[in-house]
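Analysis of the macromolecular model
In case you want the letters, here they are:
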Amino acid sequence: MATKQLKQHVKPPAPQQGPCAGACAGPCAGPSAGPACAVCGAPAGQRCAGCGGAYYCGKDHQKQHWKQHKPACSPVKESRSAEMGRFLVAARNLDAGEVVLKEAPMLEAPPPSTPPLCLTCYKPLCEATARDCPRCGWPMCSTECANNPKHRGECRLTMQKRGNRMNIRNFGLPHPSYQCMATLRCLALKEAQPAKWLRLQEMESHHEQRQGSPRMEQERFAVAQFILRVFPKLRDEDKITEDDILKVCGILQVNGHEVPLSEPPHVAVYDKGSLLAHSCRANCAKSFSSAGELVVRTSTAVKAGETLTICYTDPMWGTAARRQHLFETKFFWCRCERCLDRTEFGTYFSALGCPGEQPDCPGHILPDDPLVEGGAPEDGDPDMGDAMYWRCSQCDVSMPQGSVLSLLRRVGEDLAELDKDDAEACRIFLQRYGGDEFPLDLKEKDAVRRPLLSRHHFYLTDVRLALAQRYGQDGADAQQGLSQLTAGELAHKRALCHQLIQLGEKLVPAEHRMRGLLWFELHAVEAEGSRRHGLDQGPDPDALRASLLESRRCLAEAVNLLRCEPPELPEGKVLRQARLNLQDLDQLLCALHNAVGVAPM
Ligand SMILES: C[S@@+](CC[C@H](N)C(=O)[O-])C[C@H]1O[C@@H](n2cnc3c(N)ncnc32)[C@H](O)[C@@H]1O
């Protein structure tokens, strides 16, 4: 194993306590002082950083032991249950922020709906840039891409199972051949890489549940029948059936990840990564490296044996919409701790405000049973929804489910009409449905006695997120944009960022990107605040230092949360800027210290 790889597995030893129970100064090396080296049995001063389960006296023995230890060395291990099938659990106690998985894709393919593009780098092609692969005829962008191993699967199947070369000419329009590419690449594994094919076949396809679904019927025609028509020898010689292909389509639907490194995102399947279970309040965050590797890190501390989860749906949707989406796309009704908790960890994210008679009732209107809240109940009885009630958590007000849903539908329609680029329209929406007050000059003032929606309702949160980013975008650059805001608007941007960050920490700690971007916005607000303070009050080194330190704290939070984002993505660009701004701020703080002698940080 390369020294560089080994270094990643070496971490300073955890403090050990020997028989002296910590009474002696420094690490205790008594006979029963703690773990022994896995190679020689001597007191171990070093622990494997990968799994934390093996100890060594030094680097040499760790290196020597690696071959033996490697199969067992992982912070995650596979488990299985009747309800969830296979899933990953923590192999040891994990700290928040630990990378638990970094994995190259087992298989990668272009987006399903696309005009002709290069099958290796996904660059769009036109008549002038396309170079037909000399072997199979699929249009590529260069000889180098045509020779890339990523293109090997469909290239070989086209040569061996089609009989003639591809001839794709309609550049610029979505081309049907590309919808079958991910499936074709899976089928190509069968002969070329049988071990990978077996791993793929072990993945969940929900083939039975998919029967008759609109998606399966579309894939029957556009993928299965298309492949068997275009590659007839797959059917005649290899005895591949429509059903075999539809099973592969199911595997791709259930296990495929959208990788946003290309526009539109391409598709990838990861071997270990496909075992991660879902939770609407996930304990792991996923991102992608520039090379398309899946990077999963913990967003909270996770105890040994706990299930590691990512979120398969949009965690900023309400409970009903999330559950319905999971059922339609991943074929299970979610029963995670967030879905089971009607208050969603005290945020009341999917609740209404109480419209009852008692003035100032602080209650929330919540469904009797959160698991049948929004749509058809999961046992399939369509009439049961009408018998459902939503009730106030504090008084005896209740509302039939139908009334709640029609209220929510009305607000949803208003939201769909809302121009989120119009800050004033956003403020009016927030005031109308959330009772938000502004020290601002609103055109229209709706007297709201009681807010219809709970304080952190997902509709309000959606608008607040848009508004927090919208404020300050009108200038040539961020600095100029913020300088054009009124004092009220700047204060509002600050308040929104703080409120959304707190909500994110409580409700969706794995949404690192959302919080990272908000912390970045907040650092700019603080910097603008200190600039204005200097203009209004004249130079005040203590106040300046305090606000620079606050701005620095925001930047450090942003850098920490965004640190796994690749530079190709917008969040990676913000990360780069945040790091540069952090350097500038440190220089400024040092200069301030040198000038007036206050401690820099
Ligand atoms: C990407 S696969 C995960 C691996 C899969 N469990 C297996 O055995 O291959 C997604 C599927 O796992 C199951 N699953 C994942 N998270 C779940 C959860 N929280 N509750 C129930 N089933 C879950 C569902 O069947 C889902 O369609």
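Keep in mind that this is a model prediction, so the values were computed, not measured.

**Looking at the overall build of the protein**
- In terms of helices and strands, the protein carries 20 helices and 19 strands.
- Counting only residues that meet the buried cut, the protein has 49% of its 601 residues in that class.
- The long-range share in the protein, meaning contacts at least 24 apart out of those at least 6 apart in sequence, stands at 63%.
- Of the roughly 29100 Å² of accessible surface on the protein, a fraction of 51% belongs to carbon and sulfur atoms.

**Looking at the packing of helix α5 (residues 181-192) against helix α10 (residues 242-255)**
- Where α5 meets α10, the axes come as close as 10 Å, and the angle between the chain directions of the two elements is 110°. Of the possible angle classes, the one that applies to α5 and α10 is roughly perpendicular. In terms of crossing hand, the pair formed by α5 and α10 is right-handed. Contacts between α5 and α10 involve Ala182, Thr183, Cys186 and Leu187 from the first element and Ile245, Val248, Cys249 and Leu252 from the second.

**Remarks on the domain arrangement of the protein**
- Partitioning the protein into structural domains gives domain 1 (38-73), domain 2 (107-269) and domain 3 (484-600).
- Each of domain 2 and domain 3 has a C-alpha centre, and the two are 45 Å apart.

**Digging into the site of the ligand**
- Of all residues adjacent to the ligand, which total 15 residues, the nearest are Met84, Arg86, His206, His278 and Lys330.
- A distance of 2.8 Å separates an oxygen atom of the ligand from a polar atom in the backbone of arginine 86.
- Considered on its own, the ligand offers 560 Å² of accessible surface; in the complex 92% of this is hidden by protein.
- Elements represented by at least two residues in the shell around the ligand include exactly β5 (85-90), α10 and β12 (277-278).
- Along the lines of polarity and charge, the residues of the shell around the ligand split into six nonpolar, five polar and four charged.

**Focus on the sheet that holds strand β10 (residues 257-259)**
- Read from one edge to the other, the open sheet built from three strands follows the order β7-β11-β10, with strand pairing classed as antiparallel. In this open sheet, the two edge strands, each paired with only one partner strand, are β7 (107-109) and β10. Averaged over all pairs of adjacent strands, the angle between strand axes in this sheet comes to 30°, irrespective of strand direction.
- Two elements, β10 and strand β11 (residues 266-269), share three bridges in a ladder whose sense is antiparallel. Opposite valine 259, over in β11, you have histidine 266 as the bridge partner.

**With respect to the UniProt feature "domain: SET" (unreviewed entry) in the protein**
- Residues annotated by UniProt as "domain: SET" (unreviewed entry) correspond here to residues 74-313.
- Between the C-alpha atoms that bound residues 74-313 there is a distance of 27 Å. The span itself is 31% helix and 19% strand.

**What about helix α11 (residues 319-330)?**
- For α11, with twelve residues, the first-to-last C-alpha span of 16 Å sits near the 16 Å given by 1.5 Å per residue.
- Buried within α11 we find Thr319, Arg322, Arg323, Leu326 and Lys330. Buried residues of α11, viewed axially, fall in a sector of 95°; they line one side.
- Against the buried residues of α11 lie α10, β12 and α12 (337-340).
- Of the residues trailing α11, phenylalanine 331 is marked for its positive phi of about 65°.

**Notes on the nonpolar core**
- Judged by nonpolar contacts, the single largest core of 64 residues is most densely connected at Leu352, Ile365, Phe429, Leu453 and Leu518.
- Counting only elements with at least two residues in this core, the list comes to β18 (389-392), α13 (401-417), α14 (423-434), α15 (458-470), α17 (487-507), α18 (512-537), α19 (541-562) and α20 (570-596).
- For this core, the element with the most residues is α18, which contributes eight residues.
- With near-sequence residues (within four places) excluded, leucine 352 lies in contact with His364, Ile365, Met399, Val404, Leu407, Leu408, Leu452, Leu453 and Ser454.

**Focus: the side chain of glutamate 108**
- Mapped onto the elements of the fold, glutamate 108 is located in strand β7.
- A relative accessible area of 12% places glutamate 108 in the buried class.
- In terms of polar contacts, glutamate 108 uses its side chain to reach the side chain of lysine 150, at 3.0 Å.
- With near-sequence residues (within four places) excluded, glutamate 108 lies in contact with Tyr122, Lys150, Arg185, His266, Val267 and Ala268.

**Description of the pairing of β11**
- Of the two faces of β11, the one lined by His266 and Ala268 and the one lined by Val267 and Val269 are each fully buried.
- Relative to β11, β7 runs antiparallel, the two being bridged by three bridges. Across the sheet, the residue bridging to glutamate 108 is alanine 268, located in β11.
- Between β10 and β11, which follow one another and run antiparallel, lie six residues.

**Considerations on the UniProt feature "domain: MYND-type" (unreviewed entry) in the protein**
- In the UniProt entry, the feature "domain: MYND-type" (unreviewed entry) is given for residues 37-73.
- Secondary structure across residues 37-73 comprises 30% helix and 14% strand; the distance between its end C-alpha atoms is 16 Å.

**Topic: the confidence of the model for the protein**
- On average, residues of the protein score 88 in pLDDT, and 89% of them reach the 70 mark or higher.
- This stretch, residues 440-448, has a pLDDT under 50; its non-local contacts, to residues over four places away or in other chains, come to 21 contacts.
- Among the prediction metrics, the complex's ipTM stands at 0.99, with pTM recorded as 0.86.

Criteria and thresholds
- Residues numbered from 1 in each chain as written.
- Predicted model: local features only at pLDDT ≥ 70, side-chain atom pairs only at ≥ 80, totals over all residues.
- Heavy atoms only, no water.
- Helix = DSSP H or I, 4+ residues; strand = E, 2+ residues; numbered from the N terminus.
- Buried < 20%, exposed > 50% of the residue type's maximum accessible area, 1.4 Å probe, protein only.
- Contact = heavy atoms within 4.5 Å.
- Areas by Shrake-Rupley, 256 points an atom, 1.4 Å probe, with all protein chains shown as cover.
- Axes fitted to C-alpha atoms, helices over the stretch in contact; angles between N-to-C directions.
- Parallel < 35°, antiparallel > 145°, perpendicular 65-115°, else oblique.
- Left-handed = near helix turned anticlockwise from the far one by under 90°.
- Domains from an automatic or database assignment.
- Near = heavy atom within 4 Å.
- Polar contact = N/O pair within 3.5 Å; in protein donor to acceptor, adjacent residues only side chain to side chain.
- Nonpolar A, V, L, I, M, F, W, Y, C, P; charged D, E, K, R; others polar.
- Pairing = 2+ DSSP bridges.
- UniProt positions renumbered as here; feature names shortened; annotations may be inferred.
- Expected span 1.5 Å × (residues − 1).
- Arc of directions from axis to C-beta.
- Core = buried A, V, L, I, M, F, W, Y, C linked by side-chain atoms within 4.5 Å.
- pLDDT = per-residue confidence, 0-100.

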